[in-house]
Each structure stands twice: as structure tokens, then as C-alpha cells.
Amino acid sequence: MALSFCGNDPNINAYSVEQGVLNNGCFVDALNLVPHVFLLFITFPILFIGWGSQSSKVQIHHNTWLHFPGHNLRWILTFSLLFVHVCEFAEGIVSNKMMQTNHLHLFMPAFMGFIAATTSVVYYHNIETSNFPKLLLVLFIYWVLAFITKSIKLWKFAEYSVGLQHLRFCITALLVILYGLLMAVEINVIRVRKYVFFANPQKVKPPEDLQDLGVRFLQPFVNLLSKATYWWMNPLIIGAHKRPIELKKIGKLPIAMRALTNYLRLKDAYEDQRTAEDPDRSPSIWRSMYRAFGRPILLSSTFRYLADLLGFAGPLCISGIVKYLNTDNEVPATDKSKETYFGVYFMSSTELLQNTSVLAVLLFLALVLQRTFLQASYYVTIETGINLRGALLAMIYNKILRLSTSNMSMGEMTLGQINNLVAIETNQLMWFLFLCPNLWAMPVQIVMGVILLYYLLGSSALVGASVIVLLAPVQYRIATKLADTQKSTLEHSTDRLKKTTEILKGIKLLKLYAWENIFCDSVEETRGKELTSLKTFAFYTSMSIFMNAAIPIAAVLSTFVTHHFINKSGPSPSEAFAALALFHILVTPLFLLSTVVRFAVKALVSVQKLGEFLQSDEIGDDSWRNGDMSVSLEASKKHLGATKAINRKQPMRYQMDNYEQPTRRQMRPTETEDVAVKVSNGFFTWGSNLSTLSDINIRIPTGQLTMIVGQVGCGKSSLLLAMLGEMQSIDGRVHWSDKNRYSVAYAAQKSWLLNATVEDNITFGSPFNKQRYKTVIDTCSLQLDIDLLPFGDQTEIGERGINLSGGQRQRICVARALYQNTNIVFLDDPFSALDIHLSDHLMQEGILKFLQDDKRTVVLVTHKLQYLIHADWIIAMKDGTVLREGTLKDIQTHDVELYDHWKTLMNRQDQGLEKDIQQDSQTTLERKTLRRAFYSREAKNQVDDEDEEEEEEEEEDDNMSTTTNRRSKIPWRVCWCYMSSGGFFMVFLMVSSKLLKHSVIVAIDCWLASWTSSKNQSTGAGTDMSNGTDMSNGTSLATVISSNATLPTPGALENKDYYLPVFIVLCAAGITLCLLTSLTVEFLGLSAATNLHHNLLNKIIHAPIRFFDITPLGQILNRFSADTNIIDQHIPPTLESLTRSTLLCLSAIGVISFITPSFLISLVPLAVAFYFIQKYFRVASKDLQDLDDSTQLPLLCHFSETAEGLTTIRAFRHEARFKQRMLELTDTNNTAYLFLSAANRWLEVRTDYLGAVIVLTAAVTLIWTTKSPSTGGLVGLGLTYALTVTNYLNWVVRNLADLEVQMAAVKKVNSFLGTESENYEGSMDASQVPENWPQDGEIKIQDLCVRYDPMLKPVLKHVNAYIKPGQKVGICGRTGSGKSSLSLAFFNMVDIFEGKIVIDGIDICKLPLQTLRSRLSIILQDPVLFSGSIRFNLDPERTCTDDRLWEALEIAQLKNMVKALPGGIDAVVTEGGENFSVGQRQLFCLARAFVRKSSILIMDEATASIDMATENILQKVVMTAFADRTVVTIAHLVSSILDAEQVLVFSSGILVENDSGPNLLAQEESLFSVLHRVHTILTADLVIVMKRGNILEYDKPETLLEQEDGMFASFVKADM
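I will try to describe carefully the structure that is included in this document. (Residues numbered from 1 in each chain as written. Predicted model: local features only at pLDDT ≥ 70, side-chain atom pairs only at ≥ 80, totals over all residues. Heavy atoms only, no water.)

### With respect to the pattern of salt bridges
- The full count for this structure, using the stated rule, is 33 salt bridges.
- With a closest N to O distance of 3.1 Å, glutamate 159 and lysine 156 form a salt bridge. With glutamate 159 and lysine 156 both in helix H5 (residues 136-159), this residue pair falls 3 residues apart, about one helical turn.
- For glutamate 159, a relative accessible area of 45% translates into the label partly exposed.
- Lysine 156 gets classed as buried once you look at its relative accessible area, which sits at 6%.
- Here aspartate 308 and arginine 304 are joined by a salt bridge, their closest N and O atoms 3.4 Å apart. On the criterion of helical spacing, the pair formed by aspartate 308 and arginine 304 is a turn pair, its members being 4 residues apart in helix H12 (residues 285-311).
- Within the structure, one salt-bridge network assembled from shared partners comprises Arg496, Arg527, Glu530 and Asp1128. (Salt bridge = Lys/Arg side-chain N within 4 Å of Asp/Glu carboxyl O. Helix = DSSP H or I, 4+ residues; strand = E, 2+ residues; numbered from the N terminus. Buried < 20%, exposed > 50% of the residue type's maximum accessible area, 1.4 Å probe, protein only.)

In C-alpha cells, the structure reads:
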């Protein structure tokens, strides 16, 4: 056919203009081309030359600045215009088919219009981002021209009485309206911006966010297309491949999304509800949430409704395509002449929708739009949810800062509750907001679906729908059960973790006593209970999955069976497959409804809790309290803009300009006012109106030291807090002098640390001053402690940091109070956790010297009366009132009785002092434990961070490309390892049942296709049969099969009889297999979890002791907590979902390719696109997930630490700084979360569009390649399957990404499964060892060499010694000389690589470890007790009688104490034995050693951590109870082994001296006597160091030792 613009039909002169130019239809169409051509001619040069880019008036960071008015409206109108052009083009093409020759003018203008509209929007976007409005004039002219030409066309149509019944008339009318609107938009831009026709154009500045380089979240600022497709995320997601996404890269939030902005919105909505008439009315949180965030939720719901309605286009289009498949070319010729005007054909509106190709394109467009709206709805709710969470967190935080102290201390509001509010309740509300559009969208969706089903299938559809509806409550029930089971699982796993932690802490003792298996069993027992819970959990999960898969099958079955019986004939293919697609649509809302209802219930509870919390009592508003967020919104915007994105490398210094800093004192020579604080007639209470403090009249003199003394509980601390305004005052007032109130430093009685470095804890937000800092550290004697920390004062301490002892914590708190440059310092019993030397030092250097020199007012609460002589003013308290007030002189003269009482107390304290000095000072002990905590730091640093030991063996050349590859690879090895630990049978079962199930589901649908087609055929003409078998027209094999399948049908009756039963059987099989598969996956996961945990526990408990020295405890515990939890609960559902969605997609593609093989050709580019999308997304998603996790912890910690340190923060007046910090942490976490959800939308939009393309290609290939009417069923089948692909593609990727993150847990557990176990076997059999070995306790050490690890140097070299039976042997030597290594060698805990130890004639290396260790006894330096009973601690094997146990307790001098306990020998021991003192714990260990009647006892520095009294008991018991046994004592003090029968002295692993104690002492030069001398000096009360007749140094040994460059210190160092 020749192409000509006006067509060359015979007997019509298309080019004649006799009736006037405008009456020639072809000419009018040509006229319509003019504006489009004009636009293309003008804009292309401009776009290519790019004038706009150089003319940018304002330099901004992002090229996304949208500032022309009517921006979004223009995009929407342009998209509508494009859609109408597509319709016009389709109409033109279809009309053209009706003509004898080709008429280009029917579709050419539409095609050009489409291109012009696309160009217009590209052109507009470039002009807007480059800010060059004058060029918009071109568009204005275009709209005007297009409007005029289209109006002429419409006017001519009307003249020729072409009306609404004709499609072309409707399209033209729509175009006129759209062009008119676009023209109006353009005029509006001119009106507002005045860029042309006006003298002074309007100047504009980009929004603050876009000028700020830190803002990287651009969703609010980009154009509509980029918003809908998340195009702006591309650089981030693709860049993640080259280098991981860090916090710096995601920047900060735009102002509108920051927590502060949203907090102010929510707070205003909340406060507005308090009216003047009713100020006490508690505002409703729901209403405030609606007022603050209602609009975006409405917007999201609108998107959701649009998406749901468009969702129904799928089934309708399928129905249309199948129905009209064979009627395309059979339009009766009679109609053609009727509808001809202007010599061309005009079609009616319904006619276009009967064209299958048009329906296919419509289906594609509907899918794209539906998915876009759906993702937009998700995004808006998620963003709103995140905003709401930020606002709620800020509200909760503000409330915490104003909570009355009594609330916290009286237990009305516990820390746990506050943490729950922050971690759980706000998240519940956020999740509810995510899901709430479903609440009102789902019912509409369900109703619409049922109506459509009814329209398609009549009353039988209602049966299917009712099946779905009736099963919904069952799903709800399952969902609630799941939640309950999860709770019980949690309880068991907490229990199991507690036990595991205890085992790991006491692992050395367990190994030495050979008890590891007993404890291992107890953990396994708890794990058993946990697994029972997990089984129930797995069962309910699989039921939930099963319901979801089986309901649609059941619904389809019931519907078609009913239909068969009611109508006596089955449905046609078009009805059947539309119904099938509808059932798939219906299942989702019903499945989700149960979840949404559950979340709604939880949200109601959360709001109630929040309301109660926000209504709880606040602290009294004193005149000096600075109010709520005192930063106004504007100011806060300014400051928030100034905060830098947090840099991980440097600790973030708080910005000092963000809030009013407490005014710093000016140093002045004389204090003008003599009273700093005055309380007159004060009555104070902690709530409940009973006054705790009554009739208080005191004054605190300025610049002097005031001490408050009194018995425990008489109200000393309360008095301090009352002055700080923390108590509720019933009467009276506290008067502060003006300059002092904002200048208070306070150290609370219970020390409180921040999660920050030591330095940050001390400076506490004040500017750093090196000189001052150093002085403060020295006065609090913190230097020695700081030197022990791994990174000095840059070490993180606090909740997540390193655990310090009580005294160390207290000294840091005091240092904080001293460092602040304030007028007043309140110290609440700072000496309570310090020993005597430190207290004295602090009093002299810190309080008397440092603070008093500065003339600062000091108020000190203390029990140490010996310091009263230093006080300028004393306040004595008793029972909540002031007993006396005045100087010590006043009290001495006026209240002799009180003074005498103090004197007796002071004497008592002095006696206490002597005791104190006898003990190894408590502080040195604390330092020792700290040092021990960092023992093997070096070793740990080699294993620095667990996660960095990724398998780098293969990657020697670690350049960019290899890291990229490593990050995008799926860890198949780990997956295989996980699967195999589930057991091969289970894996086989899972794989086979999955494949079977999907085959059966495909079979059901194919059978349905064949059945419906046969119905059609038996009613249709028989002539069609031949078409199917003729394969010349490219019909595929499938067509033949399906048409032949219906050959043996002589009558319609047999037909019925044989299709229905097969269909029922197939459906039943499908439902059964659904159940089977859902169960196999869950139970495969369960058995994998069981095996992995069992192997991990056994491996770790039997690992050599060296493993625990070099692996941090936290790292091992993580495997048992977080990682085990992931393996238990998270991997199975992910795995299930992944396999299901993958198989669904594959079976769909398989079915379509089977029906039309040509579909496979188009699949190749789609598969490539899909591969890249998932590859990029997985990497980025993993990084963002990590960021979200890592930013959540600091936020939660900040809340809990604020709640703990409330009084301190308020006393220091640092509320504003802490709020600022909280807002920063919240925003950081929200940024990560927002980016994560935006990345998910990025993926879903892309996979959805891919799915839509698959549907389009499938539809087109199906329509073009199937010509036979008998194949209607197969076409329906293919399209229904293509539709499912769109739903499941993104789940494939999301689940892959999740699984990859979760498999990391398996990988970590696996890395521990590779540890070498100790060799428990030995070369002798346990039965060959005599029952009572070792009987005598004779030990021969022959040429012994020992090392901890084959890689390390030996710690003992060629040691030879002989210990006679029953001998008492002492071993000593300097630190690190190998004493303890020898004790471990007796138990074969270290690597004996040369020589041997022979006990009673047996070489210990040949014995099984269990036998060897169970026959010896040891008492360790650190007493270890386990939670349980006393009986369990003495004899976990339950082999001893009660008498034996009581005898052991009596020997250890514990009998009377234990008898007094409730339960006696079965009394409870708390975790770590905390309910006994250290001394008592050590005595229990002695009793434990005695219970085991071994002839050899080893004491490894057993007296190092106990006081003198206990040590004496211990020594005495050892001498008497163990008189006939061999006792080897490893001594840390030489004095304890002076009279030993044999002493072995070690020096750097070599035995240097071996003789009896007295003999060695007699030799002046021996190492033993040197060690003894040093020790004697160290325990003296006073040391005098002389040189050439002059006294150089003289002081207590501790003090002299602290002077590192002193003579004494150098002597001792030389000797040690």
C-alpha cells in the first residue's frame, strides 16, 4: 500500500478545497502539525547549545531547584497530554485499518504531538534548573498555537455533527482543554515571575536546604518524574558498588524532616488542645498526630485508592483480550460507510477497546501507573512515619528532662519503662502509620473485587469470595498466636544467654575442675525449652504461609465447582482467567488485614502508655528554670544548619553556640555577697505530701567550704537536691544570689558517666583547657587509671564502653564537678567509694587547695568526720531537719553533747583506718582488675575487628574491582553450609516438595485453560478445529496440544464428567503440597538452628584456654545472642519467601515461553536489566541497613543515660546541650532509615516497571502468534501468569538482599566452628587409671618446656623439680616469670612440647583430660561462683553427701553463716556470687577444693584479692585440713611462703632457686630474699630514704611509689 498524507482512495479527491479550505479534513490535520514542528525547530538548537547552563544566576549545589509556579500541575498536565496523544495515535491507526489506502494524516499529527509534548517537558526542566525564565516564551507561543489549531478542528467536527459518540471528537475536546490549561499555567508563571512584559522581574533565592551542601536527601526537591522513579538515588546506589556508603555520604535531613521541626508541629497540635477554660484537660495524642501529620496520610491514602482501582484494570484487560482475540478482523462491512465524515472513518468509543493490541498497551500503562501510585503511597506513609517518630522521640526526651525526680526515685517511672517508650512504643506507632492507609483502602479493594467477580461469574463468585472472607479470622488467630509464642521464646533465650555468659566468664575454672560438660548440658536443657517454643513458632509461621498460598486455590476450586453445577456449563476462558487474577488480588488485602488489625491494637496500647507518660508529674517551675526548647524555630533552623555532618573519626565537639552557656564566673578579688544560697522556712517532699525535709532554715556562705553531716538517711542528699529545685516544695523558698544560680557544678552520690571518652566526661561540654584539665586529673589521682586504659583518656567509657570500678567512676564524676568553672560546687559524699589515701588526697589537693584557691563556694556532704576541722561552716542534720548550723567552734561551745558524739565516732573511724591500711589498698585492687581486663589486649588487637577477617586469602591484589566483586557476590558457600547443617534429607524434602507444589499449581491453571477452551469449543463452530492443526501460520506446538486435548469429545456430557473430577483432585493436591512445603522450610530452618547452636556451644566450651585469652568475651557472646537469634527466627521465613517468589517468577516465565516461544527473545534484555538492578541494590541495601543499625544504638543509649543522670544534667543546666545531641542522633538515625526505605522504593519501582514490560511483551507475543480461537484459555493463562511476575520480582531481590545480610550470622558462627578443640582423649584409656590415683601426691617435673601456642615463645624452659608426697611447696617470682603457667601445666591446659610431669608414676600428658582434671584441686586468684544454690557450687556433679558438704563448709569457717541463710545449703547464690563478699567467695572456693578429696591442691595466688583476716583463715585451714596432702602455693606475696618446706623461685621461665624457705632467706644475695625485702618495705607504715647521711624522701610507701621519678620508686622497680 502506498503511503500518502491524505490517502489516495479511488473516487475521492482528498486534496480538493472546493467547500473551503477549513472544510477539508486533511488540511485541518496538516494545520495541526504546524505548532509541533515549530516547537521542535526552536527548542532543539536551544537544548543542544545549552544556553541555559551558563546563565545560572544562583550557584547552587544541586541542579534540582524547582521554582517556577505551577510546577507539579504542569508535569501532571503534560503526562495527561502524552496519554491522550497515545490514545489519539491508537485511534488513528485503528481507523486507518478501516480505509482502503493509508491515510497518514489520521495518526501523523498525534505522533508529532507526542514528540512535541515530550520535548516540551524536557525543555522546561532544563530551563527551570538553569533558571533562565525568558526562554519559557517559546513554550507559551507553542501552547497558544496548539490551542488555536485544535479548537479549529473541534469547531469543524461540531459543524459536521460529529459528536460525543465518536472517539475522535472526545480526544480532540480533551486536547483543547489540556492545551488551554497549559496555556493558563504559562500565563501564571509570567504573572508571578514577571520575566517578560514587566519592568522589574522577581528575584528568587533557592531554599536553604539546597544551598546547604550537607543535605543529600533530595526527594522533596526533585521533579515529579524523578520523585516517582527515585532517579536521584541512582548515583548513591550505583556508587555503593565502588565504595561503601558512610554516614558522611548520606548527609543530613532537609529542614522539614528534622526532628525539631516535626516536634514543634506535634507540640503545637498537642498544646493547642489545652483551652483557657479547661487547662487541665489531657490532650489527645491521636488528635495531635492527625493535626500534625494528617495531610500526608490523606495524600498517601489517595495514592493508595488510585493504585487499588488501577489494579483492577489487569483482570478486566485480560478478560477483554481473551474475549476479542478472534473477532479483530471481522467487523461487518455495513458499518464502514455509516461513520464516514471528511472522507475518513470515525469509530465509536467502545470500538477501540475491542482491539486486543490497544488493550495490551492499556494494560501496560495501567500497570505502570498503578505501581507508581502504590510506591508513592508507601513512600509518603514511611516518610510521615519517620517524621512522627522523630517528633515523638523529641517529645519524650523533653518530658524526661522535666520529669520530677520523685517519679524516678519512687519507682512510678522506671528506666525500663522509658526505654520501652523509646525503643518499642514509638516504633509501634511508626509501623502503624506505615500500615494505616491499608485500614481504609482494603475494605474498598475487597468490595470492588467481589463486585467485579459477581459481574464476571454471577452468584457462584460469592461462594469463592466467602471462602476467602471466612478464613480471614483464622489468619488473625494465627497472627496473635505467633506474637505470643515469640514472647515465650524470648524469655527462654534470655535465660540461655545468662547461663552461657556465666560459663564463659568462669570457663577457666570449669576446665580446671573438668565440669564443662555438666554446665554445657544445663545450657542445652534451656536451649531445649527454647527450641520447643521455636517449634511452635515455626508451626504457626508455616500455617500462616500455608493459608496465604492455599486460600486462592480453595476459592478458585469452590467458585468453579459451584459455577459448573449452577450453570451446567463452565465459564468461558475470558471470565475464568479474569476471575483467577481477581482472586489473586483479593488474597493480599485479606492476608494483610490481620497484620494491620494487630498493629492497630498495639498502637492503641502505645498511645495510652505515651499519654500516661506525658501526663506524669513534672518538676516545679522555679523562676530560674529555663523553659522548654528555648531555641525558637528560626534560631534552631539556623543552628541546625550549622551542625556539620558527624564525622566518625574525631569525637564530635559540641557546638557551644547552640544554646546559652551558663555564664562563666568572673574572678573577682572580694565576694560582694556573703550568702550564695539561702533556704527560709523550707518544707520539701518527694511527692505524696509527706514532707521529707521540714523547717529548713540555712544559709550557704559564699566562697567558703560548707559541710553537711549526719547519719545515713537523715536527708543530707535531699537537702542538696532541694536547693537545686529537684524536690517539690510545700512551703518556704530557696533564694539564690543572682550570679550563682546558673553556675553550679554537682557530683551526685551515685556516679553517672556518659557514653563518651574519659576526657569528654570530665570536660562535659566546657571548652578544653589543658592546664586545668591536668590539674584536675592529678587532684583526683586519675592519671594511673588513665594510663591503664587502652587509649588513655580517649577511651570510651560508660554503658557501652569499658567497665570501670565504683571508685574510678566516682573520681571521674568529682573531676567533672571540679573542672567546670562555676561559682558553686555541690559534692554529694564523694568519698563513699574511695579508700583512705585517695580520700585524703582529694580533700587536700582538690577541695582545700584547688577549689578554695579559686574562692569557689563548696557544699560537701560527707560521713568522714575527720575532715570537719577544715570546714568553714557546718550543717548537722537529723531526721530531715537541721540539728545545728555554724562553725566547728560554735558547735564545740554551744552543743557539747553533739561534739563529744562526733569525737567518739572519729576515734572509731581512726581504728577503721588502721584496718584499711592493713588491706591491700582497695584502689590498687581496682587497678589490678582493670589491668587484668586489658591483659592480652595486644593479642586481641591482632584479631582487631571480627568482621574484618573476611576471606581475603584469594584476594592478594585488593584493588577496586576485587572489593566490588566481593561485595556483590552472593555467599553461596555459607548458604550451602546453612542448608547442610539442616540435614540432607530435609533439604531434599524441601526442594522436591517446592518443585512439586509449583508444578501442581501450574497444572491446575493449565487444566483450567484447557477446560474453559473446550467449553468454548463444544459450543462454538466445529470448523475452527482445522485452524489449530495448521502450523504454517507460526502457531506454536502448545496450541496444537491444547486443541487436540479436546478431540475425544463426542458429546458435551463426557466433557463435563471428565474435567471436573481431575480439577478437584489437582486442587486438593495443590493445597496438600502447600501445607507440606510451608512446614518443610520452617523445620529445615529449625533443624539447622538446632545443629548450629549445638556445634557452636560444644566447640567453644572445648576450645583451649588460649582461645578465650585472645577472643573478646563480647564477640563470643554475640554469636550466642544476636547471630543465634537471626539463625533461629529470621532466616527460615526469608528463605521461604525467596524460594517461593523465585519459583513463581520462573514458572510464570516458563508457562509464557511454552505458549509462545518467541517471548524468550524479548526476555534476554530484560534479564540483563534485572541482573544489574539486583546487583547494585543488594550492595547499597546492605550498607544502609548497617548504617541504620549502627545509628540506632547511640540514640537509645542517649535516652537511658539522660534518664539516669537527670539530676546532674539539670544541676549543670545542660538541658539544651543534651536536647541538641538527642536531635542530632535522632536525625542521623532517621536519615539512614529514610535512605533505606527510599532505596527499597528505588528497587520496587524498577522491578515493577520491568514486570510491566514483561506483561506487555507477553501480551503482544500472545496476541500476534495465536490465531486459533481454541487457544483463548492459554492466552488467558499466559497473561494471568505475566501479571503475577510484577508482584513477585521485587520480593526476589529484597529477599536476596535480606538473606545475604542474615547469612553473615551463619558465616560468623562458622568461623568459630573452625576452632581447634583440646585433645580430650589421651593415649591411655580412663579405665587403666587406678580409682584412687593420685594417692600419694608425688610430683616429678622432668626437663619441662611449656608454651601457650605453637606460634609463641616458650614460657617455661627446661624446668626440673621433685616434690615429695604431702610436701608444702611455694612458688614465687616476679610478674610474668611463669609461676601461673606451671600451675596450668599440671592440668595440661598449655602446650607441653618437651619434657614431662609425672604424678604418682603416670605421665599426665597420656591421661584423658577429663580424668586428669577431675583428680586434682585448685583454688584460683579470682573466686568464681555460679548462680544456683550453694550445694550446686560446691558439688555440681551431685556425688557428695550433705555431711561431706557441711564438713567442707565448717573447715572453710562458713558453716554458721550458711546455716543462718534461708534454705541453708540450698540457699540461693546470685549471678557471679554477688550476694557474698569477695572474702566469703574465696572461702567457698576453698570448701569446693576440699569437697574434692584430691591428694594434690594447687593455690594460684588465691589470697591476692582478699583481706588479711580471710587470708589468715585460709592459711590456717590449708595447714590443718590439708596436712597430709601435697599443696603447691603460687604466691603473690613472698611472706605467705616463708616457712614452706620447698620454694621454687622462677625468673623469666627458668627455675633459678630451689630450696626450703628459711635456707633461701639466709642467703643475702638470693632472689627470694630480694623479693621478700621489697615486700616488707611496701607493707611498712612509713619509709625513709637516705643518701650519704641526708634524708631524701619520707612518706607512706604508696605515696612514694606514685612519684615515678623518686628514689624509692626506682629502687623498687629495679628489684621487682
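More follows now that the structure is in view.
### Focus on the sheet that holds strand S20 (residues 1402-1403)
- If you trace the 4 strands from one edge of the open sheet to the other, you get S17-S16-S19-S20, paired in antiparallel fashion. With partners counted over all chains shown, the strands left at the sheet margins are strand S17 (1356-1363) and S20, one partner each.
- Across the face of the sheet, helix H46 (residues 1379-1386) comes into contact with strand S16 (1339-1347), S17 and strand S19 (1391-1399) while running at roughly 115 degrees to S16. (Pairing = 2+ DSSP bridges. Contact = heavy atoms within 4.5 Å. Axes fitted to C-alpha atoms, helices over the stretch in contact; angles between N-to-C directions.)

### So, a nonpolar patch on the surface
- Judged by side-chain polarity, Leu1582, Ile1584, Met1586, Ile1591 and Tyr1594 come together as a nonpolar surface patch covering roughly 550 Å² of accessible area.
- Contributing elements (two or more residues each) for the nonpolar patch: strand S28 (1583-1587) and strand S29 (1590-1595).
- Relative to the elements of secondary structure, isoleucine 1584 occurs in strand S28. (Patch = residues over 30% accessible without salt bridge, like charges linked within 9 Å, V, L, I, M, F, W, Y side chains within 5 Å. Areas by Shrake-Rupley, 256 points an atom, 1.4 Å probe, with all protein chains shown as cover.)

### A look at H46
- In terms of burial, H46 is largely enclosed, as 7 of its 8 residues are buried.
- Residues of H46 that are buried: Lys1379, Ser1381, Leu1382, Ser1383, Leu1384, Ala1385 and Phe1386.
- Downstream of H46 by a residue or two, asparagine 1388 has a phi angle that is positive, lying close to 55 degrees.

### Points about the packing of aromatic side chains
- The full count for this structure, using the stated rule, is 39 aromatic pairs.
- With 6.0 Å between their ring centres and 65 degrees between their planes, tyrosine 230 and tyrosine 379 make a pair best called edge-to-face. Here tyrosine 230 is found in the loop between helix H8 (224-229) and helix H9 (234-239), whereas its partner tyrosine 379 is found in helix H16 (residues 356-402), with 149 residues between them in sequence.
- Three or more aromatic residues joined by ring pairs make a cluster, and in this case those are Phe560, Trp1007, Trp1011, Tyr1059 and Phe1063.
- For the cation-ring pair, lysine 156 lies above tryptophan 155, with the distance from its terminal atom to the ring centre recorded as 4.2 Å.
- Of note, arginine 772 hangs over the ring of tyrosine 819, and the distance from its end group to the ring centre comes to 5.8 Å. (Phe/Tyr/Trp six-rings, centres within 6.5 Å; stacked < 30°, edge-to-face > 60°. Lys NZ or Arg CZ within 6 Å of the ring centre and 35° of its normal.)

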